[in-house]
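# What the coordinates show
Each chain is listed here by its residues.
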Amino acid sequence: QFLYLIAQRDRFRTAGSGRCSARPQYADGEDAMTMTTPRDAYERDGCISTFPVLTPSEARKALSDYEGWAASLEGGTPTGDDRFKPHLYLPFASGLVRHPKIVDVVSAALGTDDVLLWSSDFNVKEPGSGGFFALHQDATYTGLDPARKGLTVWLALSDPVDDEHGCMTYLPGSHRDGQLPHSDGHLGSAGGYNMLSRGQQVDDAVLRNISDAPVTAQLRGGEASLHSLYLLHKSGPNQGRRRRVGLAMRYIAAEVRQTGSVKESVTLVRGCMRHDGFELEPSLPSEGVTEEAVRRGKAAHVEAMRRESANYFKDSTEAAEYT
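So, a few notes on the structure that sits alongside this text. Since the model is a prediction, treat every value here as computed from it, not as a measurement.

Reading guide: rules and limits
Residues numbered from 1 in each chain as written. Predicted model: local features only at pLDDT ≥ 70, side-chain atom pairs only at ≥ 80, totals over all residues. Heavy atoms only, no water. Helix = DSSP H or I, 4+ residues; strand = E, 2+ residues; numbered from the N terminus. Buried < 20%, exposed > 50% of the residue type's maximum accessible area, 1.4 Å probe, protein only. Contact = heavy atoms within 4.5 Å. Areas by Shrake-Rupley, 256 points an atom, 1.4 Å probe, with all protein chains shown as cover. Salt bridge = Lys/Arg side-chain N within 4 Å of Asp/Glu carboxyl O. Core = buried A, V, L, I, M, F, W, Y, C linked by side-chain atoms within 4.5 Å. Phe/Tyr/Trp six-rings, centres within 6.5 Å; stacked < 30°, edge-to-face > 60°. Lys NZ or Arg CZ within 6 Å of the ring centre and 35° of its normal. Expected span 1.5 Å × (residues − 1). Arc of directions from axis to C-beta. Pairing = 2+ DSSP bridges. Polar contact = N/O pair within 3.5 Å; in protein donor to acceptor, adjacent residues only side chain to side chain.

Let us now look at the overall build of the protein chain. Helix and strand content of the protein chain: six helices and 19 strands. Out of the 323 residues belonging to the protein chain, those deemed buried represent 54%. In the protein chain, once contacts between residues fewer than 6 apart in sequence are set aside, the share between residues at least 24 apart is 83%. Of the roughly 14,400 Å² of accessible surface on the protein chain, 48% is carried by carbon and sulfur atoms.

In structure tokens, the structure reads:
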């Protein structure tokens, strides 16, 4: 596991307005990028298998918030668009994607103070459901350029997220190969199904040439892992007795652009917007969330998913429903 030092929240003051968000100013004058950070390990391996975010009690509260919301949905679990960008209208998810322990590590790994959240999604595997994620790269089909300036943070809400419960397996160093060819329609077989939205996986011809040694990212509730959008990774089915619940958050440096034909929207989590290639999404306030703010967030969610789907599935016949 990677050990790092991270600045404590009470060591900095914040300032920002307009198309800029608060960026840390350290009381002793040192910059976060000069401290010991995850960046070296991230650039070498393309991943950080574990870092702490929430206390156990905070993780249990976040899981309870998720379960309360999920119980209000048809079927008791989010499917389709309900899984994506919940931070736009769920206050607890909005707080998680902006958590300073996450954003500090993301900022250090990407080497920038200007950070956008491109997407987020609840990643749930029911016990015994057979759902798995085939070996793939998150950058595939996103249209983000340069994708090497993007990464995914996976925060465990349930406890534990281990081999038995279908944790992720990484191939460290595989991010250095850049974008690899994928094919769609690999939906699985009897007893198991590929949960990726297009049924995608890395082409078999590529798999035969991969020699990177795998590393599992086993997490306790409240811990997170981080990986490059180019890193090869997968996860198996949940064979445990508890539901596996995580929140995946996909961050990009503000310089990244969308190459698709439809202009997408992003959430500013630190620093400033660098260009007008994205629409800026509304953010829920950290306190005193009103019904009107939630209504705006839900409307923004509907529009955001329309735009993202138009780009992501533009050449696909395999728009699988997440379950």
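A full pass over the atoms with the stated rule returns 17 salt bridges. The partner of Arg198 in a salt bridge is Asp184, and the shortest N-O contact between them spans 2.8 Å. Placement of the pair is Arg198 in the loop between β11 (192-194) and β12 (201-202) and Asp184 in the loop between β9 (182-183) and β10 (188-189), with a sequence separation of 14 residues. Salt-bridge contacts for Glu303 lead to Arg306; the nearest nitrogen and oxygen are separated by 2.7 Å. Taken as a pair, Glu303 and Arg306 lie in helix α6 (residues 291-312) at a separation of three residues, close to a single helical turn. On the accessibility criterion, Glu303 (28% relative accessible area) is partly exposed.

Ranked by internal contacts, the top residues of the largest apolar core, which has 42 residues, are Phe122, Val153 and Tyr251. Not counting chain neighbours up to four residues away, the residues in contact with Val153 comprise Phe51, Ile102, Val106, Ala224, Ser225, Leu226, Leu247, Ala248, Met249 and Tyr251. Residues Trp118, Leu229, Tyr230 and Val266 belong to the second largest nonpolar core, which totals 15 residues.

When you tally the buried positions in helix α4 (residues 100-110), you get 10 out of 11 residues, the bulk of the element. The set of residues buried in α4 consists of Pro100, Ile102, Val103, Asp104, Val105, Val106, Ser107, Ala108, Ala109 and Leu110. Two residues or fewer after α4 comes Gly111, characterised by a positive phi angle close to 70°.

Let us now look at the environment of Val269. Within the secondary structure layout, Val269 lies in strand β18 (residues 265-270). In the structure, Val269 is positioned 170 residues away from His99 in sequence and 9.3 Å away in space, judged by C-alpha atoms.

Glancing now at the packing of aromatic side chains. One pass over the full model with this rule turns up six aromatic pairs. Consider the rings of Tyr312 and Phe313, whose centres lie 5.1 Å apart with planes at 80°: the pair is edge-to-face. Each residue in the set Tyr66, Trp69, Phe92 and Phe122 is aromatic and connected to the rest through ring pairs, giving one cluster. Sitting over the ring of Phe84, Arg83 keeps its end group 4.9 Å from the ring centre. Just above the ring of Tyr141 sits the side chain of Arg198; from NZ or CZ to the centre is 3.6 Å.

So, on to helix α2 (residues 56-71). When the terminal C-alpha atoms of α2 are compared, their 22 Å separation across 16 residues agrees well with the 22 Å that a helix rising 1.5 Å per residue should span. Taken residue by residue, α2 has Ala59, Ala62, Leu63, Tyr66, Trp69 and Ala70 as its buried positions. Buried positions in α2, seen along its axis, are confined to an arc of 125° and lie on one side of it. Turned more than 90 degrees away from the buried face of α2 sit Arg60 and Ala71, all of them exposed.

Further remarks concern the sheet that holds strand β19 (residues 279-280). In space, the seven strands of this open sheet follow the order β3-β14-β7-β16-β4-β18-β19, with mixed pairing throughout. One side of each edge strand has no neighbouring strand; the edge strands of this open sheet are β3 (47-52) and β19. Both strand β4 (residues 115-125) and strand β16 (residues 244-253) contribute to a ladder of 10 bridges, which runs antiparallel. Pairing of Ser119 across the sheet is with Arg250, part of β16.

Turning our eyes to something else, we now look at the side chain of Gln137. By the secondary structure assignment, Gln137 is in the loop between β5 (131-136) and β6 (144-145). Engagement of the side chain of Gln137 in a polar contact is seen with the backbone oxygen of Gly178, the distance being 2.8 Å. The residues contacting Gln137, other than those within four sequence positions of it, are Gly178, Gln179, Leu180, His182, Leu229, Tyr230, Leu231, Leu232 and His233.

Moving on: the side chain of Ser94. Following the sequence through the fold, Ser94 ends up in helix α3 (residues 91-97). Its relative accessible area of 4% is what places Ser94 among the buried residues. Not counting chain neighbours up to four residues away, the residues in contact with Ser94 comprise His87 and Leu284.

It is worth spelling out the pairing of β5 at this point. In terms of burial, β5 is largely enclosed, as five of its six residues are buried. Two strands pair when backbone bridges link them, and β5 and strand β15 (residues 233-235) are joined in this way by two bridges, in the antiparallel orientation. By the bridge assignment for β15, Phe133 is matched with Ser235.

With that settled, consider the pairing of strand β14 (residues 223-228). For β14, the buried fraction is high: five of the six residues fall into the buried class. Where β3 lies against β14, four bridges are found, and the strand directions are antiparallel. Bridged to Ile48 within β14 is Leu226. The pairing of strand β7 (residues 150-156) with β14 spans five bridges and is classified as antiparallel. The residue bridging Trp154 from the neighbouring strand is Ser225, located in β14.

In short, shape yes, function no, at least from these values alone.
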